[in-house]
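Each chain is listed here by its residues.
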Amino acid sequence: MSALAPLPIDDVLPALAAALAAARNAVLRAPPGAGKTTRVPPFLLASGLAGGRVVVLEPRRLAARAAARRIAAERGWAVGEEVGYQVRFERRARPDTPLLVVTEGILVRMLQDDPLLTGIGTVVFDEVHERSLFTDLALALARRVQLEVRPDLRLLAISATVEAAPLAAFLGDAPVVESAGREHPVAIVHLPPRDERPLPAQIASGVRRALAAVAGDVLAFLPGAGEIRACESALAPLAAEAGLAVVPLYGDLPAAAQDAALRPLARRKVVLATNVAESSVTVDGVAAVVDSGLVRRLRFDPRTGLDRLELGRVSRAAADQRAGRAGRQGPGWALRLWTESEERGLLAFETPEIARVDLAWAALQLLAWGERDLAAF
């Protein structure tokens, strides 16, 4: 294995080791591009701090597979041997693989099957700022395990944008370690007037501007698969004219198609993605972002008693995460398809799922786990 290229996160690894040695728990804040997802878990193993196997939670299947593969590539390891992953319907790992990357539902199931987390020394919660119900539940269950039966268990929460103080307090006043990011500037451009055209036409115009502004690839953020398909059609003339590859990236795509969207091509490409591309993964070659500013979120509807997907605006933190995708590998350019005055009306952070979705699933998980006082939990 060749020497690892230096990343900003390397500078704070000694401080992180000291924090975990002293307090067993820690919160790590590191912006996109710092190297937190791929450098920290192997460091915990190499330093001897892990105390057993390291399990890393990634919120999405795409991110879990990509993280395991990137770690393996950096270290000269084999996926399924020294590092592995487990997502829904797919597992590449041995029973004793020392570093396992899992999605949040898998971690909840692991906690149900073995509440002692036998053999696991450290659980790393990556991208905790997304605050999905699965992640919140898994973190709360792991903390209960630590407090009641596994005081030796280490918990590490990692994010780029999370408000660190409440999370640190929940983890027993855990120390907060901060890392710098890559110093690649991203020029942010807003629409001067509001564009009233349909979204596919706005995206096509935005992509044309992005291609003229930078020499690299373009990543466009859209709220769902339907919008992605419509924008693929709208971009067809430009793709034919400029020799572009237009590739989709969303959660329900087959794994092979998702992985293909992450790889560089011999020609310029435009990736049309949902918020699966906001964090944890690097789409190689991207130098420009076109952001619709839209996202679909689950929200409980009291009229039907069910969760439904609701179209809405992203938060400022999510918009910054999206723009940061353009600066991962060099100076970037980001076009926001909204005005500066509209930006002032955005929420600072996303509303956690626990405050907007049906909690019946979480309640059933807790009851199955043996919890009887749900309100106290």
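Analysis parameters
- Residue positions are counted from 1 within each chain, in the order its sequence is given.
- Under the rules for a predicted model, residues below a pLDDT of 70 receive no local features and side-chain atom pairs below 80 are neither given nor counted, while totals for whole chains, interfaces and linings still include all residues.
- Calculated side-chain values reflect all of the structure's heavy atoms, with hydrogen atoms and water omitted.
- Any Lys or Arg side-chain nitrogen located within 4 Å of an Asp or Glu carboxyl oxygen qualifies as a salt bridge.
- Elements are defined by DSSP. Helices are runs of H or I of four residues or more, strands are runs of E of two residues or more, and each kind is numbered from the N terminus.
- Exposure is judged per residue with a 1.4 Å probe applied to protein chains only, and the accessible area is read against the type maximum: over 50% gives exposed, under 20% gives buried, and values in between give partly exposed.
- In this scheme, strands are said to pair when DSSP sees at least two bridges between them.
- Every angle, taken between N-to-C directions, lies between 0 and 180 degrees, and every axis is a line fitted to C-alpha atoms, over only the stretch in contact when it is a helix.
- Contact between two residues is taken to exist if any of their heavy atoms lie within 4.5 Å; hydrogens are not considered.

Q: Looking at this structure, I do not really get the pattern of salt bridges. What am I missing?
A: According to the stated counting rule, one finds 28 salt bridges in the structure shown. Glu 342 is paired through a salt bridge with Arg 194; the nearest N and O atoms lie 2.2 Å apart. Highlighted residues: Glu 342 in helix H11 (residues 340-343) and Arg 194 in the loop between strand E9 (186-190) and helix H7 (199-213), separated in sequence by 148 residues. Residue classification places Glu 342 among the partly exposed residues on the basis of a relative accessible area of 24%. For Arg 194, a relative accessible area of 45% gives the class partly exposed. Among the ionic contacts, a cluster of salt bridges with common partners joins Arg 299, Asp 301, Arg 303, Arg 308 and Glu 310.

Q: Is there a simple way to think about the pairing of strand E16 (residues 332-336) in this case?
A: Each regular strand displays side chains that alternate between the two surfaces of the sheet. Most of E16 sits inside the fold, with five of its five residues counted as buried. By the alternation rule, side chains of E16 split into Gly 332, Ala 334 and Arg 336 and Trp 333 and Leu 335, which are all buried. By the bridge criterion, five bridges tie E9 to E16 in an arrangement that is parallel. Bridge assignment links His 190 to a residue of E16, and that residue is Arg 336. As defined by bridge partners, strand E13 (residues 286-291) adjoins E16 across four bridges and the pair is classed as parallel. Residue Val 290 lies in a different strand from E16, and its bridge partner there is Leu 335.

Q: How do you make sense of the sheet that holds E13 when you look at a structure like this?
A: Spatial strand order, E9-E16-E13-E10-E12-E11: six strands in an open sheet with parallel pairing. Pairing within the sheet leaves two strands with one partner each, and these edge strands are E9 and strand E11 (245-249). Neighbouring strand axes in the sheet, compared pairwise and without regard to direction, differ in orientation by 20 degrees on average. Sitting on the sheet, helix H9 (residues 255-262) is in contact with E11 and strand E12 (269-273), with an inclination near 130 degrees to E11.

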